[in-house]
Amino acid sequence: LYRRYGLWFRLRKLLLWLLGMYIAIPFLVKLCPAIQAKLVFLNFVRVPYFIDLKRPQDQGLNHTCNYYLQPEEDVTIGVWHTVPAALWKNARGKDQLWFEEALGSSHPVILYLHGNAGTRGGDHRVELYKVLSSLGYHVVTFDYRGWGDSIGSPSERGMTYDALHVFDWIKARSGDNPVYIWGHSLGTGVATNLVRRLCERETPPDALILESPFTNIREEARSHPFSVIYRYFPGFDWFFLDPITTSGIKFANDENVKYISCSLLILHAEDDPVVPFHLGKKLYNIAATSRSFRDYKVQFVPFHTDLGYRHKYIYRSPELPRILR
């Protein structure tokens, strides 16, 4: 009886502690909006660990050069430039100047904007660079300020400015070659912010590709699997969503697409557990009826659940070359 009582006492103590934490976390997030911002960016999660971002060849990217650009004072961002596979032999042993000049070769360029967490060296990202390179594209990607080995504090404004700086850097070297913007997950928010600005200054990209996009960060946060345990908590929006807005984070894809005038391609897997498929479809419906796209093609390509592409494996699709063409 004594042992049973002791076990029950410890179990009850544990349950009370868990209940206290469950109730305390919403108040902690509300009082410290920076916590919610950290959870949106997840820039402190560096996966895979122990890789040298200065050496993309360690990830099997032997035709890739590592650069560092400076969008603003006290901000430095790490950039990878992968040339088309056709230039692989010529790229061996070449320096940064050769890679920059190669952007002027007769190959289109894709500026890839990755999602939250990890770095430009993430496994699924590297595999996509390889696929795009094999299809004849230059691929330029980078870590936003505060990610990877890039210096600075993360913010939506800063991420967008970094992307704008890299786009202008590409355009200054690529001549008349097409330049496409590809955003994935949180990177779709950066992509639409960027392309909206480019369209407003009348220098739109040749196309925008959104992989696993959402409508806006509030709807995505409400639908995210991490929110399940609090989704029906009284005052969920006030505790968890308002602090995101307070931190200046919107990533309003649904608003941005109303001001974008270039071809748009949306890719989304039906079994995406991070950004629900219905958000990508909803964004497509908004874009397809927007007056800004009336002279441009807007296409939505779903990937069936049976394919198992989930949130970050669409690059495996054998249909991707045809879709991009």
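Residue numbers here run from 1 along each chain, matching the order of that chain's written sequence. Note on the predicted model: pLDDT of at least 70 is required for a residue's local features to be given, and 80 or more for side-chain atom pairs to be given and counted; whole-chain, interface and lining totals, by contrast, use all residues. Neither water nor hydrogens contribute to the side-chain values; these are computed over all heavy atoms in the structure.

A separate point is the overall build of the protein chain. Counting from the N terminus, the helices are DSSP H or I runs at least four residues long and the strands are E runs at least two residues long. Scanning the protein chain for helices and strands turns up 12 helices and eight strands. Only C-alpha atoms enter the radius of gyration, while the globule expectation follows 2.2 Å times N to the 0.38, with N the number of residues. For 325 residues, the compact-globule estimate of 2.2 N^0.38 gives 20 Å, and the C-alpha radius of gyration of the protein chain, at 22 Å, lies within 12% of that figure. Only protein chains enter the calculation, and the probe is 1.4 Å; a residue is then buried if its accessible area is under 20% of its type maximum, exposed if over 50%, and partly exposed in between. For the protein chain, the residues scored as buried account for 51% of the 325 residues in total. In short, Shrake-Rupley with a 1.4 Å probe defines the accessible areas, and a residue's cover is counted only from the protein chains shown. Here the protein chain displays about 15900 Å² of accessible surface, and carbon together with sulfur accounts for 57% of that area. Lys and Arg are tallied as positive, Asp and Glu as negative. Neither His nor the chain termini are counted. Here the site of a charge means NZ on Lys, CZ on Arg, CG on Asp, or CD on Glu. Measuring between centres, the 38 positive side-chain charges of the protein chain sit 8 Å from its 32 negative side-chain charges.

Okay, empty space enclosed by the protein next. Here the term cavity refers to a set of points on a 1 Å grid, laid over the protein atoms alone, in which a 1.4 Å probe fits but cannot get out; the term pocket refers to an open set having protein on both sides within 12 Å along at least five of seven lines, with lining residues being those that place an atom within 4 Å of a point. Grid points are joined across faces, edges and corners, and a volume is the space filled by probe spheres set on the points. The final tally for this structure, using the stated rule, is one cavity of 30 Å³ or more. Counted as a void, the largest cavity has a volume near 40 Å³. In terms of lining, the largest cavity is formed by Y112, H124, R125, L128, H184, E211, K312 and Y315. Looking at the lining of the largest cavity, the element that brings in the most residues is helix 5 (residues 123–134), giving three residues. Tallied by class, residues from the lining of the largest cavity come to three nonpolar, two polar and three charged. As a working rule, the residues Ala, Val, Leu, Ile, Met, Phe, Trp, Tyr, Cys and Pro are called nonpolar, Asp, Glu, Lys and Arg charged, and the rest polar, with Gly in that last group.

Let us look at the UniProt feature "domain: AB hydrolase-1" (unreviewed entry) in the protein chain. UniProt positions are given in the numbering used here, feature names are shortened, and annotations may be inferred rather than shown by experiment. Under the present numbering, the feature "domain: AB hydrolase-1" (unreviewed entry) in UniProt falls on residues 108–213. Summarising residues 108–213: 43% helix, 20% strand, and an end-to-end C-alpha distance of 23 Å.

What follows covers the pairing of strand 4 (residues 138–142). Burial analysis of strand 4 places five of its five residues in the buried class, the great majority of the element. Burial along strand 4 is two-sided: the residues H138, V140 and F142 and V139 and T141 are all buried. Strands were regarded as paired on the criterion that DSSP finds at least two bridges between them. Sheet topology note: the strand 3 (residues 109–113)/strand 4 ladder contains four bridges and is parallel. Within strand 4, the residue paired with I110 across the bridge is V139. In this region the chain leaves strand 3, passes through helix 5 and returns to the parallel neighbour strand 4; the handedness of that crossover is right-handed. Crossovers are marked right-handed if the path from the first strand over the helix to the second runs clockwise, as seen with the strands pointing away from the viewer.

What helix 2 (residues 33–41) keeps buried is the set Q36, A37, V40 and F41. Take helix 2 and look down its axis: the buried residues cluster within an arc of 130°, on one side only. One or two steps after helix 2, the chain reaches L42, where phi turns positive at roughly 50°. By definition, the arc is the one covered by directions from the helix axis to the C-beta atoms.

Here we take up the environment of L111. Its place among the elements puts L111 in strand 3. Each residue touching L111, except ones within four places of it in the same chain, is listed here: V140, F142, A163, V166, F167, I170, Y180, I181, W182 and L194. A contact between two residues is defined here by any heavy atoms of the two lying within 4.5 Å.

Note on sheets: strands pair through backbone hydrogen bonds, and any given pair is parallel or antiparallel. Strand order in the open sheet made by the eight strands is 1-2-4-3-5-6-7-8, with mixed pairing throughout. Two strands bound the open sheet, and with one partner strand each, they are strand 1 (64–72) and strand 8 (298–303). Pairs of neighbouring strands in the sheet enclose a mean axial angle of 20°, with direction left out of account. Where strand 7 (residues 263–269) lies against strand 8, six bridges are found, and the strand directions are parallel. Its bridge partner lying in strand 8, H268 is registered against P302. Axis definition: a line fitted to C-alpha atoms, limited for helices to the stretch in contact. Angles are taken between N-to-C directions and run from 0 to 180 degrees. This element, helix 11 (residues 277–288), spans strand 6 (207–211), strand 7 and strand 8 of the sheet and lies at about 165° to strand 8.

To continue, consider the environment of E156. Examined against the element boundaries, E156 turns out to sit in helix 6 (residues 156–174). For the pair E156 and Y315, spaced 159 residues apart in sequence, the C-alpha separation works out to 26 Å. Of note is the side chain of E156, whose polar atom sits 2.6 Å from the backbone nitrogen of K250. Under the rule applied, a polar contact is a pair of N or O atoms within 3.5 Å (in protein, one hydrogen donor and one hydrogen acceptor; residues adjacent in sequence only if both atoms are side-chain atoms).

The salt bridge criterion pairs a side-chain nitrogen of Lys or Arg with a carboxyl oxygen of Asp or Glu, the two atoms within 4 Å. Per the stated rule, a full pass over the model turns up 15 salt bridges. Here E127 makes a salt bridge to K130, at a shortest N to O gap of 3.5 Å. You can see E127 and its partner K130 sitting in helix 5, three residues apart, about one turn around the helix. With its nearest N and O atoms 2.4 Å apart, the salt bridge here joins R201 to D168. Here D168 lies in helix 6 and R201 lies in the loop between helix 7 (186–200) and strand 6, a separation of 33 residues in the sequence. Among the residues examined, R201 registers a relative accessible area of 39% and is labelled partly exposed. On the basis of relative accessibility, which here comes to 30%, the residue D168 falls in the partly exposed class.

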